[in-house]
Amino acid sequence: MLIRNAGQIRSSEITPKSVYLNRRHFMAGSVAALSMGSAGVASAAKLDLVPSAFSTDEALTPKEAATTYNNFYEFGTRKEDPANRSSEFTTTPWSVKIDGLVDRPADYALEDLMSPHQLEERIYRLRCVEGWSMVIPWAGVSLSKILELAGPQSGAKYVAFETVVRPDEMPGQRGFGQALDWPYVEGLRLDEAMHPLTLMANGMYGEELPNQNGAPLRLVVPWKYGFKSIKSIVRITLTEKEPPTTWNIANPREYGFYSNVNPQVDHPRWSQATERPIGGGLGAGRKDTLMFNGYADEVASLYAGMDLKVNY
Ligand SMILES: Nc1nc2c(c(=O)[nH]1)N[C@H]1C(S)=C(S)[C@@H](COP(=O)(O)O)O[C@H]1N2
Ligand SMILES: [Mo]
């Protein structure tokens, strides 16, 4: 059941050019950060990254757009809320409880989860169920490496994830009329979680994650709608049964457990056939949405024989 062979990506998806261009972009960024540093302005920590063969070669969403147009309801439901209302959120120290059906259940310090691995830069498309998309250079490691530290047991069939609950620091978690039940919870089948594309990210655009994008640690599952990519994770539980998920609890008719990007299965209230690239600039119109968000060659086999209209 554990997928260890990452060598199945089509060579057309291996993109030395975009990685090279991106490196140049980071080098320019580093110089800027250094000069700002000398002026006493704090800048986010640069990460030491190696490029990944999983990257798409599409044009990156501008960082400004990816860090100001967010869904992170713990900070509010408007797109600008997470950027505007997350500055009080503290992410050090941080630990993640890994429990359930694992050989080594423990509270793992963030450093102990991420530092043993060489961080990769992976440029992934992110497709929100609302109909917009971005292309983001994430930093992180395959979730499988994190799970292997804890040692999944043979009875484990699913992985459940939980976001931090901290009403003092998260304005969307206090007061009347809160948008969702907290904690935000998500889940994957174990084979989805162990798939090499499934990323545990601690950075983007070469730096540590900004609070609004899910600092210090968030999931990125590129072939599923964005809401599966749960932010600011504090707990990972290996289970035998399919775990509850936040948007399925909120509206089971509209949001299923699988939530694979699928242009042929419409949302009950809108089509999923096309998408609007965020920050695409003038002339960047809607694009066709691709099956499994363009990752069909890698992940379609996970769903062989399943009716994707039923398992939406
Ligand atoms: N804890 C938590 N995780 C979350 C959300 C949220 O509201 N709370 N929103 C999800 C949705 S709908 C999307 S599209 C992505 C957005 O990630 P981004 O803001 O980094 O682009 O985060 C997902 N993860
Ligand atoms: Mo989303």
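Residues numbered from 1 in each chain as written. Chains lettered and ligands numbered in written order. Predicted model: local features only at pLDDT ≥ 70, side-chain atom pairs only at ≥ 80, totals over all residues. Heavy atoms only, no water.

## Re the overall build of the protein
Turning to step 1, where the next piece is worked out: Summing up its helical and strand segments, the protein has eight helices and 13 strands in all.
Turning to step 2, where the next piece is worked out: Put simply, the protein has 312 residues, and 52% of those count as buried.
Turning to step 3, where the next piece is worked out: The long-range share in the protein, meaning contacts at least 24 apart out of those at least 6 apart in sequence, stands at 73%.
Turning to step 4, where the next piece is worked out: Split by element, the accessible area of the protein, about 14100 Å² in all, is 54% carbon and sulfur. (Helix = DSSP H or I, 4+ residues; strand = E, 2+ residues; numbered from the N terminus. Buried < 20%, exposed > 50% of the residue type's maximum accessible area, 1.4 Å probe, protein only. Contact = heavy atoms within 4.5 Å. Areas by Shrake-Rupley, 256 points an atom, 1.4 Å probe, with all protein chains shown as cover.)

## With respect to the confidence of the model for the protein
Note: predicted coordinates in regions of low pLDDT should not be interpreted at a detailed level.
Turning to step 1, where the next piece is worked out: Chain-level statistics for the protein give a pLDDT mean of 89 and a share of 86% at 70 or above.
Turning to step 2, where the next piece is worked out: Confidence drops under a pLDDT of 50 for residues 1-41, and excluding neighbours within four residues, the segment shows 48 contacts in the predicted structure. (pLDDT = per-residue confidence, 0-100.)

## Here's the deal with the packing of aromatic side chains
Turning to step 1, where the next piece is worked out: Evaluated as defined, the whole model comprises 12 aromatic pairs.
Turning to step 2, where the next piece is worked out: On the basis of an interplanar angle of 75 degrees and a centroid distance of 5.7 Å, the ring pair of Tyr73 and Trp247 is categorised as edge-to-face. Highlighted residues: Tyr73 in the loop between α2 (63-66) and α3 (81-85) and Trp247 in helix α7 (residues 246-250), separated in sequence by 174 residues.
Turning to step 3, where the next piece is worked out: Look at Tyr73 and you get buried, because its relative accessible area is 17%.
Turning to step 4, where the next piece is worked out: Here Phe292 and Tyr303 contribute two aromatic rings whose centre-to-centre distance is 5.5 Å and whose plane-to-plane angle is 15 degrees, an arrangement assigned as stacked. With Phe292 in the loop between β13 (287-288) and α8 (296-299) and Tyr303 in the segment after α8, this pair connects stretches of sequence that are 11 residues apart. Accessibility classification places Phe292 together with Tyr303 in one group, the buried group.
Turning to step 5, where the next piece is worked out: Members of the aromatic cluster, each reached through a chain of ring pairs, are Tyr158, Phe257, Tyr258, Phe292 and Tyr303.
Turning to step 6, where the next piece is worked out: Here the basic side chain of Lys228 rests over the ring of Phe257, its NZ or CZ set 4.4 Å away from the ring centre. (Phe/Tyr/Trp six-rings, centres within 6.5 Å; stacked < 30°, edge-to-face > 60°. Lys NZ or Arg CZ within 6 Å of the ring centre and 35° of its normal.)

## Overview of the sheet that holds strand β3 (residues 106-109)
Turning to step 1, where the next piece is worked out: Pairing is mixed across the open sheet formed by five strands, whose spatial order is β3-β2-β11-β6-β7. Each end of this open sheet is capped by a strand with a single partner; those strands are β3 and β7 (185-189). On average, each strand axis in the sheet is tilted by 20 degrees relative to the strand beside it, whichever way the strands run.
Turning to step 2, where the next piece is worked out: As judged from the five bridges shared by strand β6 (residues 158-163) and β7, these two strands associate in the antiparallel manner. (Pairing = 2+ DSSP bridges. Axes fitted to C-alpha atoms, helices over the stretch in contact; angles between N-to-C directions.)

## A closer look at the pattern of salt bridges
Pairing between side chains becomes possible if they bear opposite charge and their charged atoms approach one another.
Turning to step 1, where the next piece is worked out: For the structure on display, the rule yields 18 salt bridges.
Turning to step 2, where the next piece is worked out: Note that Arg269 is salt-bridged to Glu254, the shortest N-O span being 2.7 Å. Of this pair, Arg269 sits in the loop between α7 and β12 (274-277) while Glu254 sits in the loop between α7 and β12, and the two are 15 residues apart along the sequence.
Turning to step 3, where the next piece is worked out: The buried category is assigned to Glu254, whose relative accessible area is 10%.
Turning to step 4, where the next piece is worked out: Through salt bridges that share partners, Glu58, Arg125, Arg127, Glu275 and Lys287 make up one connected network. (Salt bridge = Lys/Arg side-chain N within 4 Å of Asp/Glu carboxyl O.)

## Focus on the pairing of strand β5 (residues 132-142)
Along any regular strand, the residues point their side chains to alternate faces of the sheet.
Turning to step 1, where the next piece is worked out: The buried fraction of β5 is high, at 11 of 11 residues.
Turning to step 2, where the next piece is worked out: As paired strands, strand β4 (residues 120-127) and β5 are joined by eight bridges and run antiparallel to one another. For Glu121, the partnering residue across the bridge sits in β5 and is Ala139.
Turning to step 3, where the next piece is worked out: Between the antiparallel neighbours β4 and β5 lie four residues, among them Gly131 with a positive phi of about 110 degrees.
Turning to step 4, where the next piece is worked out: Bridge count for β5 against β12 is two bridges, and the pairing is parallel.

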